[in-house]
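Coordinate analysis (summary)
Each chain is listed here by its residues.
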Amino acid sequence: MAAADRPFDPHRDYPVSEKRPDLVRTATGRPLSEVTLDAVLAGEITPEELRITPEALERQAQVAAASGRPALVANFRRAAELTRVPDDRLLAMYEALRPRRSTAAQLEALAQELETVYQAPLCAAFVREAAAAYAARGLLLPEKPA
Amino acid sequence: MDPLAPAPAEGRPTARSGRFRSLDERPVNLDGFVHETPDLGFAAMRSPHDPPASLRIENGRVVELDGKARSEFDLIDRFIADHAIDLTVAEEAMAIPPVEFARRLVDPSVPADELRRLAAGITPARAAEILNELNVVELMMAAQKLRARRTPSNQAHVTNAKDEPALIAADAATATLAGFREVETTVAVASHAPVVALALLVGSQAVVGGALTQCSVEEATELKLGLRGLTTYAETVSNYGTEAVFLDGDDTPWSKAFLAAAYASRGLKLRFTSGAGVECLMGNSEGRSMLYLEARCLAMTRGTGVQGVQNGGIDGVAIAGAVPGGARELLAENVLAMLWGLEVASGNDTLFSESEIRRTARTMPQFLAGTDFICSGFGAIPRYDNMFGPSNWNADDLDDWLVLQRDHESDGGLTPFSEEALLAARDYAARAIRDVFDELGLPPIPEETVQAVVGAHGSRETPPQSGVVLTRAAAAILERGLTGLDVVRALAVRGYTDIAERVLEMLKQRLSGDYLQTAAILDREFHVLSAVNDRNDYAGPGTGYRVTGERRDQIAAIRQAVDPSRVPDIPLRWPAVSLQLEEVSEATAGGAPGEVVVAVGPAFGSELDRTLAGISHGRVLREVLAGLEEEGAPVRVVRVRHTSDVAFIAHTAARLSGSGIGIGIQSKGTTVIHQRALAPLSNLELFSVAPLMTPAHYRAIGRNAARYARGDHPEPVPLDHEGQGIESRYHTKAAIFHHVETQQISPNASPVILAVTLGALDGAGEEPALASVEARHGSR
């Protein structure tokens, strides 16, 4: 069976770029083999395109699982969700999670945004977990009076 | 007060010992040392305030961790309890006594994967207890087995005090030429970061491919540079072992974990930073040992799912170094990170000591055991240009590192290179960044700067750089949204197709995410090597990474090594005298009663023409004969052909001599005054340190021999020795000289009388050393 026809095997197919280049795509679905210097000079490739995709991160999560690194799996899956969050918003979310930056309501709103806008339930759960930990240690801002 | 010291006598002035005064001036005494004081955090491996290890699980949840109930958990406890302990193995792992666990770490027959499976279930306090069972050698054994990646590697700092982009590019190219697989920069002025990051990217791919690059600045800026494809990894995301210090760092375990996912979501490699001494330095260690606090950091790091860590005393390394067991602790925390499955960039970063001995010794465990990155920042630049502060290893130490690799046949990640290759790499990188700046409409880099950068050791040798210009360039990069793709285009348009292809390959690498796996590096051809496909398989002798084959050849080929089958080129250090030796007849015993026989070795004045001290053989004979003549001794000169041993050459001379006194001179300059009645291996005077000899010594030897011949007892000729490393400097040359001389031996040939013809002294000038030896000799 040709490599391109069989499903991804996390035990055999790492490094993906060498073992399964057929699976590697740009953010707009262009195959790796078409990302060439000529294509760049012809203006066909955009910087936005050269971003890792959620699919690529999911494959790396499977590789991490196959090599016995469960913590990496969770990180890769959160990362796959965060590919959908724009750069500026991503930096703002990080800022909101720093100590004494957010109220409980603000963190809850962030969790909901992650869930609904970015289909990021793992990250949403993670933010809620942080909010509970911050509440226990007095690291939330007081709720502003309405 | 030392209890063993006698009380000073009444009224006696406090004396100083010359020995202690000399010791006080040694560099090690610039270092700070303190008594172990756990309350203040000055304790390396254990503190009475470290909690006893404990773990209680109820309903699938940790309810007690290291002596603390869940209701008392701080942020760090809570994060560790909920993210860093594998509850499925916790009971089994915590039941193993610490010393038994420690033995398994050392035992090559217990696989690393099995240890990592179990280690996932232990608490920070238990981890510290286990590591406390191991001495440094055992920790090295553990590191050798537990390191994630099979192939060791190394990381460089490339910075300069001027933030000069052309110099950054040239030094990055130099670093990759040397073999560094990660290159980290930072800036003198924060606003210059985009300029420096861009220059680093171009330089890092200028001559070989695949080095990952990093620009360590404020977290948001650093992430932005990565998003634009100007950098590929980050590591200065710090974790701390106490909640108070963590919050001072303006983060929480959750914000750090979010950052880890954010980096991965952009295809950027990340490792965290932690390490001994920081909590103490920041005034809030809670009285815990450095190792226990680092165990908390590492558990947390592991829980975030980030692939690795830079640890082993980074900013706090001098605090670890100040207390007993500090260097052992640095290694222990590296080993713990490995045990918890993390990639380890093992410190050897911030300068540990002013003492060359001590800073080297501090590195040897990681160097010999091998780690994923032995240095988390080898300064590939002079100390003064390191904007992180001087590293434990710096550009001026490169040859030492290469020689250490060769001595131990141990892979420190670096490879010797030639001066020609260095100049070509720097020239290409500097021109490339100059042309990229021009193509992108950034402020011009003058030709004068490019030229200076190529030959420069550091920024003190490059023209002044304007901070205003750099800030403007940096702003332009940010405002115009320039990215790695723009760099690729500019390189290609200006004819640097090879560099353009390599920078593009770096951008393509992030699409697969392969280098996000644990301990990933890219080799020069962009093949990823990580814990997944280059898994450390050490299981005792005959297994694991070995320095063999092509890699051994590379490590062996230091530029200083010479071909020992060729006579080394020793410059003449004294005016020479030409020499003709003609063999006249076989030498017979007897001769005048006061006669001295001078015997030279088989290659003297023929195959060899000078001594190790750079004295021509004609000059040596001239001085010896002049000394004999001053004292009025008759003399015969013979060549000994049956031996190259100086004692036997001299004894042969003594046996032939009418007075029973002979002088034997080897071609390398070693000389003996001998007497017939003595055993061959005894002597009257032996001058064994040929490289220290001067013409004056040979003249004094002639004089003394004549005095012995007439029955006097002269003062032996003194030979000053300043403690130079004569053997390390000269022994290879001495061996080659002696080999040539030994090749000339004819075992059955008798000594022959030589007719000596000496020329005039070549350009005779002042020879102060000659006068001083005579003056010293005469004064005895």
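The rules we used
Starting afresh in each chain, residues are numbered from 1 along the sequence in its written order. As they are written, the chains are lettered A onward and the ligands numbered 1 onward, keeping that order. Local features are withheld for residues below a pLDDT of 70 in this predicted model, meaning they are given only at 70 or higher, and side-chain atom pairs are given and counted only at 80 or more; totals for whole chains, interfaces and linings count all residues. Neither water nor hydrogens contribute to the side-chain values; these are computed over all heavy atoms in the structure. Helical segments are the DSSP runs of H or I of at least four residues, strand segments are the runs of E of at least two, and each set is numbered from the N terminus. Both definitions apply: the radius of gyration is a C-alpha atom measure, and the globule rule equals 2.2 Å times residues to the power 0.38. Between buried and exposed lies partly exposed: a residue is buried under 20% and exposed over 50% of the maximum accessible area for its type, with that area taken using a 1.4 Å probe on protein chains only. For the accessible areas, the method is Shrake-Rupley and the probe is 1.4 Å, while residue cover comes only from the protein chains on display. Each nonpolar core is a collection of buried residues, namely Ala, Val, Leu, Ile, Met, Phe, Trp, Tyr and Cys, held together in the definition by side-chain atoms within 4.5 Å. The criterion used for residue contact is that any of the two residues' heavy atoms lie within 4.5 Å. Accessible area that two parts lose when put together, evaluated with a 1.4 Å probe and summed over both, is termed the buried area. We define a salt bridge as a contact between a side-chain nitrogen of Lys or Arg and a carboxyl oxygen of Asp or Glu at a distance within 4 Å. Counted as a polar contact is a pair of N or O atoms within 3.5 Å, where, for protein atoms, one must be capable of donating a hydrogen and the other of accepting one, and residues adjacent in sequence contribute only when both atoms are in side chains. Only Asp, Glu, Lys and Arg are considered charged, only Ala, Val, Leu, Ile, Met, Phe, Trp, Tyr, Cys and Pro nonpolar, and every remaining residue, Gly among them, polar. Note that the domain bounds reflect an automated or database-derived domain assignment. Should DSSP find at least two bridges between two strands, the strands are taken to pair. Angles here are taken between N-to-C directions and fall from 0 to 180 degrees, while the axes themselves are lines fitted to C-alpha atoms, restricted in helices to the stretch in contact.

Focus: the overall build of chain A
Counting its secondary structure elements, chain A contains 7 helices and 0 strands. Secondary structure elements of chain A occur, N-terminal to C-terminal, as α-α-α-α-α-α-α. For a compact globule of 146 residues, the expected C-alpha radius of gyration is about 15 Å, and chain A comes in at 19 Å, more than 25% above that figure. Along the longest, intermediate and shortest principal axes, the C-alpha atoms of chain A span 60 × 40 × 20 Å. A burial count over chain A gives 46% of its 146 residues as buried. Total accessible area computed for chain A in this model is approximately 6,800 Å², and 56% of it derives from carbon and sulfur atoms.

Let's talk about the nonpolar core
Core analysis: the largest hydrophobic core is formed by 111 residues, its most contacted members being A:Leu114, A:Tyr134, B:Phe101, B:Leu105 and B:Leu146. When residues no more than four places from it in sequence are discounted, the contact partners of B:Phe101 are B:Ala93, B:Ile96, B:Leu115, B:Leu118, B:Ala119, B:Ile122, B:Ile130 and B:Leu339. With 108 residues, the next largest nonpolar core counts B:Val158, B:Ala429, B:Val503 and B:Leu507 among its residues.

A word on the interface of chain A and chain B
In many reports, interface size means the accessible area that the parts give up when they come together. The interface of chain A with chain B comprises 57 residues on the first partner and 65 residues on the second. Both sides of the chain A and chain B interface together cover about 5,100 Å² of buried area, and 64% of this is carbon and sulfur. Contact with chain B buries area across many residues of chain A, yet A:Tyr14, A:Leu37 and A:Tyr94 alone supply 13% of it, more than any other trio. The partner of A:Asp87 in a salt bridge is B:Arg266, with the nearest N and O atoms 2.9 Å apart. At the junction of chain A with chain B, the criterion picks out 28 residue pairs in polar contact (both at pLDDT 80 or more). Of all the elements in the fold, those that place two or more residues in the side of chain A that touches chain B are α1 (16-19), α2 (37-41), α3 (54-66), α4 (70-82), α5 (87-97) and α7 (121-136) of chain A. In terms of residue class, the side of chain A that touches chain B is made up of 37 nonpolar, 8 polar and 12 charged.

Details of the environment of B:Arg149
All names here are of chain B. Mapping Arg149 onto the fold places it in the loop between α7 (136-146) and β4 (155-157). Separated by 108 residues in the primary sequence, Arg149 and Ala257 place their C-alpha atoms 23 Å from one another. Each residue touching Arg149, except ones within four places of it in the same chain, is listed here: Glu343, Asp372, Phe373, Ala519, Ile521, Leu529, Ser530, Asp534 and Asn536. Of note is the side chain of Arg149, whose polar atom sits 2.7 Å from the backbone oxygen of Thr151.

Some points on the domain arrangement of chain A
Residues and elements named next belong to chain A. In terms of domains, chain A is made up of domain 1 (13-83) and domain 2 (85-146). Using C-alpha coordinates to define each centre, domain 1 is positioned 28 Å away from domain 2. Across the boundary between the two partners, domain 1 contributes 6 residues, which contact 11 residues of domain 2. Interface of domain 1 and domain 2: buried area, both sides summed, is about 720 Å²; carbon and sulfur atoms make up 57% of it. Taken as a group, Arg78, Glu81 and Leu82 account for 79% of the area that domain 1 buries against domain 2, more than any other trio of residues on that side.

Let's talk about the sheet that holds strand β8 (residues 269-273) of chain B
Residue and element names in this part refer to chain B. With respect to topology, 4 strands assemble into an open sheet ordered β7-β8-β9-β10, the strand pairing being parallel. Only two strands of the sheet have a single partner each, and these edge strands are β7 (233-238) and β10 (343-345). In this sheet, adjacent strand axes meet at a mean angle of 30° when their direction is disregarded. As paired elements, β7 and β8 share 4 bridges and run parallel to each other. In the strand pairing of β8, Ala234 is matched with Leu270. The strands touched by helix α12 (residues 253-265) are β7 and β8; relative to β8, the strand with the most contacts, the crossing angle is about 155°.

Focus on the environment of A:Ala120
Residues and elements named next belong to chain A. Counting through the fold element by element, Ala120 comes out in the loop between α6 (104-116) and α7. Taking the C-alpha atoms as reference points, Ala120 and Arg78, separated by 42 residues in sequence, lie 7.5 Å from one another. With residues near it in sequence (within four places) discarded, Ala120 still touches Glu81, Leu114 and Glu115.

Details of the side chain of B:Ser657
Residues and elements named next belong to chain B. Along the chain, the position of Ser657 falls in the loop between α26 (646-656) and β17 (661-665). A relative accessible area of 0% means that Ser657 is categorised as buried. A polar side-chain atom of Ser657 sits 2.8 Å from the main-chain carbonyl oxygen of Glu595. A distance of 3.1 Å separates a polar atom in the side chain of Ser657 from a polar atom in the side chain of Ser659. Residues contacting Ser657, with those up to four places away along its chain left out, are Gly590, Glu595, Val596, Val597 and Arg676.

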